[in-house]
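A look at the structure
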Amino acid sequence: MEKQGKIVFQHFQFHYGSFLALKDINLSIRSNQIFAILGPARSGKTTLLKSMNRLTDLIFGTNHTGRIFIDGQEIYDPNVSLPELRRRVGMVFDLPTALPLSIFENVAYGPRLKGLREKGRLEETVEKSLQAAVLWDEVKDRLHSSALRLSGGQQQRLCIARMLALEPEIIMLDEPCSGLDPISTASIERSLVALKEKYTILLVPHNIQQASRVADRVGFFLGGEMIEEGLADQIFTRPQNRKTEDYISGRFG
Amino acid sequence: MFREKVLEKSFLLIALSSISILALIAFFIFQQGIPLMWKVGPNSFLLGDRWFPSKESFGIFPMIVGSFWVTLGSLVVGVPLGVACAIFLCELTPPAIAMVLRPMIQLLAAIPSVIYGFWGLIVLVPIIRDSLGGPGLSILAGSLVLGIMILPTIISIAEDSLRALPRSYKEGALSLGATHWQTIWRVLLPAARSGIASSVILGMGRAIGETMAMIMILGNAAQMPHSILDSARTLTTNIGIEMGYASGDHRQALFATGVVLFFIIMALNSLALFLSRRRRA
Amino acid sequence: MRMRISRHHTQALAKGVIWVAAFSTLVVMFWILYQVLREGLPRLHFEFFLQAPRQMGRAGGISSTIIGTIALTIVAIVIATPLGVGTAIFLREYTRESRVSRVIRFGTDCLAGVPSIIFGLFGFVFFVIFLGLGWSILSGGLTLATMILPTIICTAEEAIKAVPYTYREASFALGGTRWQTIRKMVLPNALPGILTGLLLGVGRSVGETAAVILTAGSSFITPGSLFSPIRTMAVHFYILAREGISMEMAYATGAALILLILAINMAANWLMYRYVHRA
């Protein structure tokens, strides 16, 4: 039973009702790297991410078998505190989900839920997080205006800042750049590379090129199964599985 | 975590309030009314046509008949006019005008029934008395006013059903050469019929349950009506008029009237729910 | 050629009938309001609202009935709002379609269909007699609360349903518990819709007569406490009209009643269009 690696999936299967979305996933992800989850639509990529912060618990009629360990601790253990887990494993969704609050309150939302009330520390946290998300300079003069007025790219960076304010250990991003222009995409990719110094990053990339730009390791998923996993260079130049090769070379998508 | 569990259970308890209140209502009404109904005998209570509380005579058949005729009359007035207005709003006026008219019709739904009753008393009753004879305080007056009162209900639900129809129905019919009216009459109305039926049943429920306006204009004679110009009582007005001074068996007889009313409404409600569930299926 | 004319004739006739029907319906409905307002509005002056009824209502004003109406409505809203919003929260946030939720919805639907006179009988035997509250603001308010409960549940549920799921998901992803998410994300965003429902409940309470007479009495003396009997404006109007005490006073009270309902309705509509209908 290997428990190496920050995140370990052990024979993990996931069902939506009778539909099997993830089949026998065995995966170990080390810390401080960017792990890209590659694959065509409906391969279970989002399910993989959401089962890690147990957002799948919110959906009715789901169940799983197998285990997921984070730092050696099983996350589906009934004693695990869900809010605590979700703070440790932060998530950014594919559509920017700015809350209908001011920019400041968006970023402060998570810390407030945790119980942080002191104004000085909140301001400090907000500034630090917005800086790490490369958004501070653009919004520092209008922190108390509505976040809904930001552009798509800015909102997405706001979501990253919001998540960083909770000081997670693991960051998951589900196609964070979908619908964004190339400049916003590039700035988010740059932030990700900077962030991997402190965090473990799981990324569902928008396309293969994005994965090749930023990922350290890559896992290829198809129909709920992990077909192949390894160093990014290796997967992109010398894939070992036929299906991986077909996907990378664009024979299907 | 514990706090969350406690909160969940608390909300569950709160959510059970509506069904608990319903149960309480049923319990207390029945507790007061059933013994009397049993004592008098259900047959003689429901079918007896003499209501003389001072002589311990409790037959509510005249009231059942009164309720029936008034409700029927209100539907005769309210349904055609209501559906006509729904068609009008949905198909015959530009959306801008309809958007102005709709909140105004909603406003009319919020007007208390005593205002409608008052108008009936001041305006309608003298007209009936002068032109058609009789006391004026009559089933006719009641039907007319009640019909007007249920119009907003019927209009809004019938119109909603018409508007909810897929555009393709109308466009398909028109493109096959049907006139606008033929489309409305042969395609849209039949397609919306279950929604219109719901509106009728809801209107009926409202009509059967109406009290104050009916007290003001029905004349409240506790005897079998023989024409629409006769005064009459309904199940509701029977309770409303005498509850103020009734005691003992008399009071319990009023509760028993309430029991009958309760059953009728529950039956109507179930019918409405059944129809709406079938519509969704 | 002959058939085409006939079809269009039918259409013209049918549309004409509909126009006449709709027009006359709307005219009659507004005529009713107009009648009362025309006779009653001129008789509304300040003293009318500030004086209590005198000589059984033949003279004076309606101040005690205004107080009665307000007091009754406040009690009804204070009781019904937590129960109604709480039910809506449970149905939307704590459960899925299940046996429990179906039972709750059945209860709510049935309660909505119960006639007001039955509520009056219930309020009388339960609040006035069984709980010993007597004819009072409390009895009347509690009875009204049971009457407006279904409305509040319904509108609160719609309002809560309208809050986008993405807000909730984001809140959970940021470590929020279910109650935190409800309190900080769902309820604040559902507030305008909930308030609209409360206004509808207020409108119902103001206009209700049958249940109020049987539970709050009909005293037109200014109430001293929650246990005092009172007369609402609607009840006062009814008594004036039915007993034939004073047509002028009746018109005036009726006009005041209509204006109040108008104001409440307009407030509800404004809330809806300003806050609830934005995309």
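**Some words on the overall build of chain B**
Of regular secondary structure, chain B possesses 13 helices and two strands. With the principal axes as the frame, chain B shows a C-alpha extent of 75 × 70 × 30 Å. Burial analysis of chain B (281 residues in total) assigns 50% to the buried set. Counting contacts in chain B only where the partners sit at least 6 residues apart, residues at least 24 apart contribute 74% of the total.

**Focus: the overall build of chain A**
Helix and strand counts for chain A come out as ten helices and ten strands. Against the compact-globule benchmark of 18 Å for 253 residues, chain A has a radius of gyration of 18 Å, which places it among compact chains. The buried share of chain A, taken over its 253 residues, is 42%. Long-range pairs, those at least 24 residues apart, make up 69% of the contacts in chain A between residues at least 6 apart in sequence.

**Structural notes on the sheet that holds strand β4 (residues 62-70) of chain A**
All names here are of chain A. The sheet built from four strands is open, its strands ordered β2-β1-β4-β5 with antiparallel pairing. Two strands close off the open sheet at either side, each with one partner strand: β2 (19-29) and β5 (73-74). Where β4 meets β5, two bridges bridge the pair, whose relative direction is antiparallel. Residue pairing across strands places Phe-69 opposite Glu-74, the latter belonging to β5.

**Observations concerning the interface of chain C and chain B**
Contacts between the two partners involve 66 residues from chain C and, on the opposite side, 61 residues from chain B. Residue contributions to the side of chain C that touches chain B peak at 17 residues, all from helix α1 (residues 2-40) of chain C.

**Some words on the sheet that holds strand β9 (residues 217-222) of chain A**
All names here are of chain A. Taking strand neighbours across the sheet as the criterion, the six strands line up as β6-β7-β8-β3-β9-β10 in an open arrangement whose pairing is mixed. The open sheet has two edge strands, β6 (89-92) and β10 (225-231), and neither has a second partner. Shown here is a sheet whose adjacent strand axes are inclined to one another by a mean of 15 degrees, direction ignored. Of the pairings in the sheet, the one linking β6 to strand β7 (residues 170-174) comprises four bridges and is parallel in character. Within the sheet, the bridge partner assigned to Val-89 lies in β7 and is Ile-170. Contacts from helix α6 (residues 152-164) reach β6 and β7 within the one sheet, and its direction differs from that of β6 by about 170 degrees.

**What to know about the interface of chain A and chain C**
Each partner contributes residues to the interface: chain A has 17 residues there, and chain C has 14 residues. When contributions to the side of chain A that touches chain C are tallied by element, the ones reaching two or more residues are α2 (82-88) and α3 (103-114) of chain A. For the side of chain A that touches chain C, the element with the most residues is α3(A), which contributes four residues. Here the residues of the side of chain A that touches chain C sort into ten nonpolar, three polar and four charged.

**Describing unusual backbone geometry**
All names here are of chain A. Unlike most non-glycine residues, Asp-24 shows phi in positive territory, near 45 degrees. Of note, Asp-24 is situated in strand β2. Assessed through the 15 C-beta atoms surrounding it within 10 Å, Asp-24 is described here as partly exposed. Positioned with a positive phi, Glu-175 is a non-glycine residue whose angle comes to about 45 degrees. Among the structural elements, Glu-175 can be located in the loop between β7 and α7 (182-195). With 19 C-beta atoms counted inside 10 Å, the residue Glu-175 sits in the partly exposed group.

**Remarks on the nonpolar core**
Generally speaking, a soluble globular protein has its nonpolar side chains buried in company with each other. Ranked by internal contacts, the top residues of the largest apolar core, which has 248 residues, are Leu203(A), Val145(B), Ile217(B), Ile118(C) and Leu121(C). Counting residues per element, this core draws most heavily on helix α4 (residues 61-92) of chain B, at 16 residues. Domain assignment of the residues forming this core places at least three in each of domain 1 (2-43) and domain 2 (48-276) of chain C.

**Quick word on the pairing of β7(A)**
Residue and element names in this part refer to chain A. Across the five residues of β7, five count as buried, placing the element largely inside the fold. Residue alternation in β7 divides its side chains into two sets, Ile-170, Met-172 and Asp-174 and Ile-171 and Leu-173, and both sets are buried. The sheet contact formed by β7 and strand β8 (residues 200-204) spans five bridges and is parallel. Bridge pairing in β8 places Ile-170 opposite Thr-200.

**So, helix α6 (residues 137-161) of chain C**
Every α-helix carries 3.6 residues per turn, so stepping three or four residues along brings you back to the same face. All names here are of chain C. With 25 residues, α6 extends 34 Å from end C-alpha to end C-alpha; this agrees with the ideal 36 Å at 1.5 Å per step. Of all the bends in α6, the largest measures some 40 degrees and sits at Ile-148, one to four residues before the proline Pro-150. With respect to burial, α6 is a largely interior element, 22 of its 25 residues being buried.

**Digging into helix α4 (residues 99-113) of chain C**
Helix length check: α4(C) (15 residues) gives 21 Å between terminal C-alpha atoms against 21 Å at 1.5 Å per residue, within 8%. Taken residue by residue, α4(C) has Ile104(C), Arg105(C), Gly107(C), Thr108(C), Cys110(C), Leu111(C) and Gly113(C) as its buried positions.

**Re the packing of helix α3 (residues 63-94) of chain C against α6(C)**
Helices that pack against each other are described as a pair by the angle of their axes relative to one another and the distance between those axes. In the contact formed by α3(C) and α6(C), the axes pass within 6 Å of each other and the chain directions differ by 35 degrees. The two elements α3(C) and α6(C) meet at a crossing, and its hand is right-handed.

**Focus: the packing of helix α2 (residues 17-40) of chain B against helix α5 (residues 116-130) of chain C**
Closest axis-to-axis distance for the α2(B)/α5(C) pair is 9 Å, and the angle between their directions is 80 degrees. In terms of orientation, α2(B) lies roughly perpendicular with respect to α5(C). For the pair formed by α2(B) and α5(C), the contact residues are Leu24(B), Ile25(B), Phe28(B), Ile29(B) and Gln32(B) on the first element and Ile118(C), Leu121(C), Phe122(C), Val125(C) and Phe126(C) on the second. Taken together, the residues of the contact of α2(B) with α5(C) break down into nine nonpolar, one polar and no charged.

**A word on the environment of Ile196(B)**
All names here are of chain B. In this structure, Ile-196 sits in helix α10 (residues 193-209). Look at Ile-196 and you get buried, because 22 C-beta atoms sit within 10 Å. Along the sequence, Ile-196 and Val-83 sit 113 residues apart, while their C-alpha atoms lie 7.8 Å from each other. Once residues within four sequence positions are removed from consideration, Ile-196 is found in contact with Val-83, Ala-158 and Ser-161.

**Quick notes on the pairing of strand β1 (residues 7-16) of chain A**
Residue and element names in this part refer to chain A. As judged from the seven bridges shared by β1 and β2, these two strands associate in the antiparallel manner. What sits directly across from Phe-9, in β2, is Leu-27. Counted along the chain from β1 to the antiparallel partner β2, the turn is two residues long, and its residue Gly-17 has a positive phi close to 60 degrees. Strand direction decides the pairing type here: β1 and β4, joined by eight bridges, are antiparallel. Counted as the bridge partner of His-15 is Asn-63 from β4.

**A look at the environment of Ile258(C)**
Turning to its location among the elements, Ile258(C) is positioned in helix α11 (residues 247-276). Sequence-wise, Ile258(C) and Ala234(C) are 24 residues apart; in three dimensions their C-alpha atoms are separated by 9.8 Å. Among all residues touching Ile258(C), those that are not within four sequence positions of it are Ile111(B), Ile115(B), Leu33(C), Val36(C) and Leu37(C).

**Overview of the confidence of the model for chain B**
All names here are of chain B. Per-chain confidence: chain B averages 89 in pLDDT, with 99% of residues scoring 70 or above. Mean pLDDT across the secondary structure elements of chain B bottoms out at helix α9 (residues 180-191), with 85, and peaks at helix α11 (residues 212-217), with 94. Confidence estimates for the predicted assembly give a pTM of 0.89 and an ipTM of 0.91.

Basis of the calculations
Residues numbered from 1 in each chain as written. Chains lettered and ligands numbered in written order. Predicted model: local features only at pLDDT ≥ 70, side-chain atom pairs only at ≥ 80, totals over all residues. Helix = DSSP H or I, 4+ residues; strand = E, 2+ residues; numbered from the N terminus. Buried ≥ 20, exposed ≤ 12 C-beta atoms within 10 Å, placed from the backbone. Contact = placed C-beta atoms within 7 Å. Rg over C-alpha atoms; globule rule 2.2 N^0.38 Å. Pairing = 2+ DSSP bridges. Axes fitted to C-alpha atoms, helices over the stretch in contact; angles between N-to-C directions. Nonpolar A, V, L, I, M, F, W, Y, C, P; charged D, E, K, R; others polar. Core = buried A, V, L, I, M, F, W, Y, C linked by C-beta atoms within 7 Å. Domains from an automatic or database assignment. Expected span 1.5 Å × (residues − 1). Bend = angle between axes of the 7 residues up to and from the residue. Left-handed = near helix turned anticlockwise from the far one by under 90°. Parallel < 35°, antiparallel > 145°, perpendicular 65-115°, else oblique. pLDDT = per-residue confidence, 0-100.

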